[in-house]
Structures are given as structure tokens and as C-alpha cells.
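Close look at the chain arrangement
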Amino acid sequence: MESRGAAHERHVPVLRDRIVDLLAPALSAPGSVLVDGTLGMGGHAEAFLERCPEATVIGIDRDEEALALAGERLARFGDRFRGVHAVYDEIADVVSDAGLSQVQGVLFDLGVSSLQLDEADRGFAYAQDAPLDMRMDQGSGITAAEVLNTYAPGDLIRVLRDFGEERFAKRIVSAIVREREVEPFTRSARLVDLLRDAVPAASQRTGGHPAKRTFQALRIEVNDELGAWQRAVVGAIDVLAVGGRIAVLSYHSLEDRITKRALAAGATSSSPPGMPVELPEHAAYLRLLTRGAEEPPAEEQSTNPRSASARLRVAERTRPTQGARR
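Residues numbered from 1 in each chain as written. Predicted model: local features only at pLDDT ≥ 70, side-chain atom pairs only at ≥ 80, totals over all residues. Heavy atoms only, no water.

**What about the overall build of the protein?**
Under the convention used in this document: The way it works is that DSSP assigns letters per residue, a run of H or I at least four long becomes a helix, a run of E at least two long becomes a strand, and they are numbered from the N terminus. The buried label applies to any residue whose accessible area, calculated with a 1.4 Å probe on protein chains only, is under 20% of its type's maximum; exposed applies above 50%, and partly exposed to all values in between. The contact criterion used throughout is that any non-hydrogen atoms of two residues lie within 4.5 Å.
Along the backbone of the protein there are 14 helices and seven strands. Residues counted as buried form 53% of the 326 residues belonging to the protein. Within the protein, contacts between residues separated by at least 24 positions form 69% of all contacts whose residues are at least 6 apart in sequence.

Laid out in C-alpha cells, this is it:
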């Protein structure tokens, strides 16, 4: 594999110190384990390995290039770090394969990584012309080009509306269908040009780059991000030990909504209305550690513009539940 530079030189972890401060109390005992479900280039994992000397980190990523770069970055920690090629909704299997039934910490930094955005040949960034791939795991799955060229118009409209929250989905899809009959889509620049023409000028002046929402929608569809995330957050809470903590960084409202619902459900009593006494099995099993969703401070947003849309939610497991592993 061609070297693309050291990971520590290319990646600025969002809210790194705040996340470590919130999760570190659960990782102080010998043998503590943190699962970094979105390892990326290892910036958050490195901070935990430095700050929590009794803990080990299992890092999950579906991107083999990210795993290789993170592995180089974290090699100095020896067997306190282990990288695993998997999707984060496989967290229960990853934990079991490591010979564990529970872990003390879980971190998810959702969305596209700096590695993927920065590499022109991955097709994630609308600012660069590249093959329309967008797969986080380049060894499997359909590409963004295949979605554009083969999906029925109704399915394309659903993708843009549901995953991109794109108001002009019908107009955009009409243009895509017309153009793909002339020639299939293969590269991002042609799609960006189409979107500039299809999205009304007034919306472009107030709503940001005309390709932003469509590229987000295609990326989510290609990688089944929302489906995987719904499964992952439930699986992560399930493997969390009592006293363990989970932190989630989301970058758009669709991800954050799933996170909010899952954590709020765990932090709310399920006792039926009118019950005079709360039964133990109805008690909340999570405690929210952030008040709503925290945003990066203005200084971090100015030095790392990619952090501007980040939202952090953190919770602690307070009791076991029937579905939890023991």
C-alpha cells in the first residue's frame, strides 16, 4: 500500500480531551477495556491509551487503510491495542471474539473520516473529482456510481430525502435519470455539475454547497450507515458493564436522533402509568452524563472546521438488564 503520511499528522480528533475526561473514570481499573467502534486514524484511541494506563483498546474499522495507519500510530502501546477489521454493528461479536463478556467503555465517532475526505480517489468529497465509490470498506458492497446508475427513480428520491434531507430530491433525480441514459455516472465532477444546475440558485446562496446533501445521502446509502448505527448503539449498550460509559459523536441530525432515542430510552423508567411502586426491571439502566448534546467550543470549531457540526452524547450504565451480556 502506498504511504499517505503518518496518521498523527493528518487527523485532529474532535472533542478529544472532553471525551477522555468523561470516559476515563470507567477505565481506571486494571483490565479495563475500551472499544473504539470507529477507530479511524487512532487519534481518540491514542489519547485513551496515554491517559488510562490500566486500559486496553480494541479498535474497530471497516476501512483497511485506516486500520493500517492507526496500527502504525499505536504500535508503541504493544498488546494494549488491537485493531479489528469489522463494521461497528458487529461490536458484540468483536467483544466475544476477544474473550470478553463486557467492556468498560465504548466510543463512536460517526460519519466520514478525515482519511476518506482527504483522499481524492475515494470519492467522498465533492470538492475533488474522483471515481464515485464512497465505500468505507473498498473490498465489498455497491458503489455510489452503481446507486446512481441502477436505482429506480423512486428509490433514488427516497435516498436523497431520507438520508440527505434534500428538498429538491425530485428535481435532482429527474436530472440524474435523464443524464444516466446518455452516459452512466462514473466520476464526482459530473454529478457536482448536475447538482449545481438542478438546485435553485437561491437555495445555493443560503443552504451551502449544492452537492452537500446528495453526497451525504449517497454515502449513507452505500455504507448502510443508519441501519448499521441503529444496530450498533443497541449492541454497544448491551456489552457495557455496570459503571461503564458510552460516548457518541454524531455529525448530522439523522445519526444524533438515533443516538438520542437509544440513550433516552435507557435513562427513562419503563414502569406503566399508575404503578405505585417501580419494579426493579422497570428502572432506568442508563444515566445521561451530558445535558442534551454538547458542541465543540468555538475555538475548536475555528481551528478544525470539520468539528462544527459535531454533537456529543455520553451515558453511564447503572444496572444490568435482561438483554445484557453477563
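**A word on the nonpolar core**
Test applied: The criterion is simple. A nonpolar core is a set of buried Ala, Val, Leu, Ile, Met, Phe, Trp, Tyr and Cys residues joined through side-chain atoms within 4.5 Å.
Counting 64 residues, the largest nonpolar core has I91, F108, I172, L191, W229 and I246 as the members making the most contacts within it. Sorting elements by how many residues they give to this core places helix 12 (residues 225-239) first, with eight residues. The residues touching F108, leaving out its near neighbours within four places in the chain, are G37, T38, Y88, I91, W229, A232, A236, I246, A247, V248 and L249. Of all hydrophobic cores here, the second largest spans 30 residues; its members include I19, L27, F81 and V314.

**Structural notes on the pattern of salt bridges**
In plain terms, the rule: When a carboxyl oxygen of Asp or Glu is within 4 Å of a side-chain nitrogen of Lys or Arg, the pair counts as a salt bridge.
Overall, the coordinates contain 19 salt bridges when judged by the stated rule. Of the charged contacts in the structure, one is a salt bridge between R16 and D17, with a shortest N-O distance of 3.1 Å. Notably, a salt bridge pairs E166 with R213, separated by 3.0 Å at the nearest N-O pair. Taken together, the positions of E166 in the loop between helix 7 (153-164) and helix 8 (169-182) and R213 in helix 11 (residues 212-223) put the pair 47 residues apart, joining distant regions of the chain. Here E166 matches R213 in class, with each residue buried. One salt-bridge network, held together by shared partners, links E46, E50, R73 and R76.

**Considering unusual backbone geometry**
Despite not being glycine, L15 shows a phi value in the positive range, around 50 degrees. Positionally, L15 belongs in the segment before helix 1 (16-23). Residue classification places L15 among the buried positions, given a relative accessible area of 6%. Its identity is not glycine, yet M134 carries a phi of approximately 70 degrees, on the positive side. Tracing the sequence through the fold places M134 in the loop between helix 5 (114-118) and helix 6 (144-150).

**Considering the environment of I237**
Relative to the elements of secondary structure, I237 occurs in helix 12. Residue class for I237 comes out buried when judged on its relative accessible area of 8%. Separated by 84 residues in the primary sequence, I237 and T321 have C-alpha atoms spaced 9.9 Å apart.

**Focus: the pairing of strand 7 (residues 311-317)**
Regular strands show a simple pattern: their side chains alternate between the two faces of the sheet. For the record, the criterion: In this scheme, strands are said to pair when DSSP sees at least two bridges between them.
Judged by how many residues are buried, strand 7 sits mostly within the fold: six of seven residues are covered. Sheet topology places strand 5 (residues 240-250) next to strand 7; six bridges connect them, and they run antiparallel. Residue pairing for strand 7: S250 is matched across the bridge by R311. Relative to strand 7, strand 6 (residues 286-288) is paired through three bridges, and the arrangement is antiparallel. When the sheet's bridge partners are listed, L288 is paired in strand 7 with A315.

**Description of the confidence of the model for the protein**
Rule in force here: Summary of the metric used: pLDDT quantifies the predictor's per-residue confidence within the range 0 to 100.
Averaged over all residues, the pLDDT of the protein equals 89, while 90% of them reach at least 70. Taken as a whole, residues 1-8 scores under 50 in pLDDT and shows 11 contacts with residues more than four places along the chain or in a different chain.

**Section: the packing of helix 12 against helix 13 (residues 253-266)**
Geometrically, a packed helix pair is captured by the angle between its two axes and the distance between the axes. Threshold: Interaxial angles span 0 to 180 degrees and are taken between N-to-C directions of axes, which are lines fitted to C-alpha atoms, for helices over the stretch in contact. Working rule for angles: under 35 degrees goes down as roughly parallel, over 145 as roughly antiparallel, 65 to 115 as roughly perpendicular, anything else as oblique. Crossings are classed by handedness, with left-handed meaning an anticlockwise turn of the near helix from the far one by less than a right angle and right-handed meaning a clockwise turn. Each residue gets one of three labels, nonpolar for Ala, Val, Leu, Ile, Met, Phe, Trp, Tyr, Cys and Pro, charged for Asp, Glu, Lys and Arg, and polar for the others, Gly among them.
Direction vectors running N to C along helix 12 and helix 13 enclose 25 degrees, while the axes themselves pass 10 Å from each other. Between helix 12 and helix 13, the crossing angle belongs to the class labelled roughly parallel. Crossing angle aside, the handedness with which helix 12 passes helix 13 is right-handed. Packed against helix 12, whose contacting residues are E225, L226, W229, Q230, V233 and I237, the element helix 13 presents L254, E255, I258, T259, A262 and L263 at the interface. Residue composition of the contact of helix 12 with helix 13, grouped by class: eight nonpolar, two polar and two charged.

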